[in-house]
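Residue-level structural notes
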Amino acid sequence: MSRPLVFAHRGASARGIENTLDAFELALESGADGIELDIQATKDHIPVVIHDHNLRRLTGKNELISNLYYQQVKLLHVGKFFFRRFSGAKISTFDEFLGWHKVHSVPLNVELKESLLQDESALRETVAKCSEIPNLHISSFHPELLEKAKEIAPRIETALIATKKLNWAELDKLPYVDVIHANKSRYYKKRYLDALTAQGRKCRFYNITGDEQFLKEPHDAVIGWITDYPEKVRKMQETK
């Protein structure tokens, strides 16, 4: 496939409850090529599919997920306050997600979150399982997690999510990073794109809304879009 792949950010998070199996189903119905999801770890080292370290926004419980055992986490409902008690949506384990993925077998962007910094057991389990799946890459804001992932599974593709600290002219100093992920609002600019090309690196951009004109003719360095609106992005890609 020559066009950049479209990854649904936390599933179809504009339409469903983020990082739930329902949101992933909706993403595929919306035309997404792949799924972006987030991994945190519970106190008893169980990798689970959720973005926030603190559970307050999604469950109403003001607690870090790394301070709770999975048996406590599995009882929580996720979603907006009004619908939470009625939706029945729960936090899935990574294993439960992989059971869903066996049926759908789409490209995956697995983001490693901050609780894994202090949980090598959960990190190793997550990376080992990721290494067995084709068309998968892992991403993180934390370079130390990517470095460790490369030690665990040298062939796995890693993507560093860009921050202000990243020196785009010296990407060769990050041998454990294969690809850059970046916010389109800040980094879809000539100087960053040229820096990628000069060093033979590729990039995926996130916060894509589907209204961007560059979706029609993306820069050669772009290999993916990460979006809450996969249907809009696919439509724009097809508009020439």
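The structure under discussion appears in the preceding block.
The paragraphs below set out a description of the structure included in this document. Sequence order as written defines residue numbering, which begins from 1 separately in each chain. Note on the predicted model: pLDDT of at least 70 is required for a residue's local features to be given, and 80 or more for side-chain atom pairs to be given and counted; whole-chain, interface and lining totals, by contrast, use all residues. No hydrogens and no water enter the side-chain calculation; it runs on all heavy atoms of the structure.

Some points on the overall build of the protein
Check the secondary structure of the protein and you find 10 helices and nine strands. Along the longest, intermediate and shortest principal axes, the C-alpha atoms of the protein span 50 × 40 × 30 Å. The buried share of the protein, taken over its 240 residues, is 52%. For the protein, long-range pairs separated by at least 24 residues make up 54% of all intrachain contacts whose partners lie at least 6 apart in sequence. Accessibility throughout is a Shrake-Rupley quantity obtained with a 1.4 Å probe, and a residue counts as covered only by protein chains that appear here. Just so you have it, the protein exposes about 11900 Å², and 50% of that area is on carbon and sulfur atoms. Counting 35 positive and 33 negative side-chain charges, the protein places the centres of these two groups 4 Å from one another. Segments assigned H or I by DSSP are reported as helices when at least four residues long, segments assigned E as strands when at least two residues long, and all are numbered from the N terminus. Partly exposed describes any residue whose relative accessible area lies between the buried limit of under 20% and the exposed limit of over 50%, with all areas from a 1.4 Å probe on protein chains only and scaled to the type maximum. Contact definition: two residues touch when any of their heavy atoms are within 4.5 Å. Counting rule for charge: Lys and Arg are taken as positive, Asp and Glu as negative, and neither His nor the chain ends is counted. To locate a charge, the coordinates of NZ of Lys, CZ of Arg, CG of Asp or CD of Glu are taken.

As for the environment of A182
Here A182 shows up in strand β7 (residues 179-183). Residues A182 and I226, 44 residues apart in the sequence, show an inter-C-alpha distance of 9.6 Å. Beyond its immediate chain neighbours, meaning those up to four positions away, A182 contacts A162, W168, Y187, C203, R204, F205 and Y206.

Describing the pattern of salt bridges
What counts as a salt bridge is simple: a side-chain nitrogen of Lys or Arg found within 4 Å of a carboxyl oxygen of Asp or Glu. With the rule as written, the count across this model stands at 18 salt bridges. When the shortest N-O distance is used, the salt bridge between R10 and E18 registers 3.1 Å. By relative accessible area, which is 13% here, R10 ends up buried. The salt bridge involving R204 is made with E157; its shortest N-O contact spans 2.9 Å. Placement of R204 in strand β8 (residues 202-208) and of E157 in strand β6 (residues 157-161) is noted, with a sequence separation of 47 residues between them. Since its relative accessible area comes to 26%, E157 is described here as partly exposed. Residues joined in a network through salt bridges with shared partners are R10, E18, D38, D52 and R57.

Section: the pairing of strand β1 (residues 5-9)
Of all five residues that make up β1, four are buried, and the element is covered over most of its length. One requirement defines pairing of two strands: DSSP has to find at least two bridges between them. The sheet contact formed by β1 and strand β9 (residues 222-227) spans four bridges and is parallel. Paired with F7 across the strands is I226, a residue of β9. Across three bridges, the pairing between β1 and strand β2 (residues 34-41) is parallel. Paired with F7 across the bridge in β2 is G34.

Considerations on the side chain of E36
Within the fold, E36 resides in strand β2. At 2.9 Å, the side chain of E36 forms a polar contact with the backbone nitrogen of R10. Among all residues touching E36, those that are not within four sequence positions of it are A8, H9, R10, G11, N19, F24, N109, E111 and I226. N or O atoms within 3.5 Å of each other form a polar contact, as long as, within protein, one can give a hydrogen and the other can take it, and as long as residues adjacent in sequence are counted only when both atoms are side-chain atoms.

What to know about the pairing of β8
Regular strands place their side chains on alternate faces of the sheet. With respect to burial, β8 is a largely interior element, five of its seven residues being buried. In this structure, β7 lies alongside β8, joined through five bridges in parallel fashion. Counterpart to I180 in the pairing with β8 is C203. Relative to β9, β8 runs parallel, the two sharing five bridges. Within β9, the residue paired with I208 across the bridge is T227.

Considering the packing of aromatic side chains
Here a pair means two rings of Phe, Tyr or Trp (six-membered ring of Trp) with centres within 6.5 Å. Their orientation is stacked below 30 degrees between planes, edge-to-face above 60, and tilted elsewhere. Taken as a whole and judged by the stated rule, the model has 12 aromatic pairs. Taking the centre distance of 6.4 Å and the plane angle of 35 degrees together, the rings of F205 and W225 count as tilted. Of this pair, F205 sits in strand β8 while W225 sits in strand β9; the two residues are 20 residues apart in sequence, bridging distant segments of the chain. A single burial state applies to F205 and to W225, both of which are buried.

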